[in-house]
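Fold and geometry: a report
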Amino acid sequence: NTLSFMPTSPQLSQLLPAWEVVARLGAAVLVGGIIGLNREIRHKSAGLRTQALVSLGSATATLVVSELAAVGDTFDTSAVSRVMQGVLTGIGFLGAGVILHDRQDGQIQGLTTAASIWVSCTLGLACGVGFWHLALAVMGLALAVLLGGIRIEQAVHRRWGVPPEVAKGNGPGSGSGPGTGPN
């Protein structure tokens, strides 16, 4: 049998109880979905469903490799680390797909949405390994940045009289370079 290295179903079922697997996957959908809801409310390209699926997918990948790495007498943490690295690298391609550059006016849009996809991915990874407190803390901080960041940026622009073209990201000091715009 070419798949003799694969654990049997009874071996896997002894590792994590079914309720915990469901709880981890459900938590991933919840925290990713909450981040996505913020993007959805702001009419951004990667909303609730996208973010929830990104988080669910990364949690699933982490759970699968964690379960496989735990079969036997030892736990192969390097296998889990490699999968996490692959997931984080791969999600960059999805994030890159939401970044748009308008050549006519130099605006770059979607950077915040791309960053939120990456955060949703890390939330899924945290849920997949059962780091509940970390996932909730990161979700809370991400929401604080997404919800409060705009208000802080606006207050800074009002306080120091930043011209509208700079405040919109069309001038020096406007973030990640000339031509960066709202996300």
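Just above, that's the structure.
In this report, the structure presented in the accompanying data block is examined. For clarity, every value in this text was computed on a predicted model and none was experimentally measured. (Residues numbered from 1 in each chain as written. Predicted model: local features only at pLDDT ≥ 70, side-chain atom pairs only at ≥ 80, totals over all residues. Heavy atoms only, no water.)

Looking only at helices and strands, one finds seven helices and two strands in the protein chain. The helix and strand sequence of the protein chain, counted from the amino end, reads α-α-α-α-β-β-α-α-α. Expressed as a percentage of the 183 residues in the protein chain, the buried residues total 33%. Of all intrachain contacts in the protein chain linking residues separated by at least 6 positions in sequence, the fraction that spans at least 24 positions is 65%. Roughly 10900 Å² of accessible area belongs to the protein chain as shown, and the carbon and sulfur atoms make up 66% of that amount. (Helix = DSSP H or I, 4+ residues; strand = E, 2+ residues; numbered from the N terminus. Buried < 20%, exposed > 50% of the residue type's maximum accessible area, 1.4 Å probe, protein only. Contact = heavy atoms within 4.5 Å. Areas by Shrake-Rupley, 256 points an atom, 1.4 Å probe, with all protein chains shown as cover.)

Right, let's talk about the packing of aromatic side chains for a bit. The tally for this structure, following the rule as stated, stands at zero aromatic pairs. The ring of Trp 160 carries Arg 159 above its face, with NZ or CZ at 5.4 Å from the centroid. (Phe/Tyr/Trp six-rings, centres within 6.5 Å; stacked < 30°, edge-to-face > 60°. Lys NZ or Arg CZ within 6 Å of the ring centre and 35° of its normal.)

Moving on, we get to the nonpolar core. Counting 13 residues, the largest nonpolar core has Val 31, Ile 35, Leu 123, Cys 127, Ala 135 and Met 139 as the members making the most contacts within it. Those residues in contact with Cys 127, other than ones at most four positions away along the chain, are Arg 24, Ala 27, Ala 28, Val 31 and Ala 135. Membership of the second largest hydrophobic core comes to seven residues, among which are Ala 46, Val 98, Ala 114 and Ile 117. (Core = buried A, V, L, I, M, F, W, Y, C linked by side-chain atoms within 4.5 Å.)

So, about the packing of helix H2 (residues 18–41) against helix H3 (residues 48–70). Close contact between H2 and H3 brings their axes to 6 Å; oriented N to C, the two are set at 150°. As the angle between them shows, H2 and H3 are arranged roughly antiparallel. The element H2 and its partner H3 pack so that their crossing is right-handed. Residues of the contact of H2 with H3, tallied by class, amount to twelve nonpolar, six polar and three charged. (Axes fitted to C-alpha atoms, helices over the stretch in contact; angles between N-to-C directions. Parallel < 35°, antiparallel > 145°, perpendicular 65-115°, else oblique. Left-handed = near helix turned anticlockwise from the far one by under 90°. Nonpolar A, V, L, I, M, F, W, Y, C, P; charged D, E, K, R; others polar.)

Bringing the side chain of Asn 38 into the picture now. Summarising the element assignment, Asn 38 is placed in helix H2. Apart from residues lying up to four places away in sequence, Asn 38 is in contact with Leu 143, Leu 146 and Leu 147.

Evaluated as defined, the whole model comprises one salt bridge. A salt bridge links Arg 24 to Glu 20; its shortest N-O distance comes to 2.7 Å. In this pair, Arg 24 and Glu 20 are both assigned in helix H2, four residues apart and thus about one turn of the helix distant. Looking at Arg 24, the relative accessible area reads 10%, which means it is buried. Residue classification places Glu 20 among the buried positions, given a relative accessible area of 16%. (Salt bridge = Lys/Arg side-chain N within 4 Å of Asp/Glu carboxyl O.)

Spatial relationships are all this shows, so hold off on functional conclusions.
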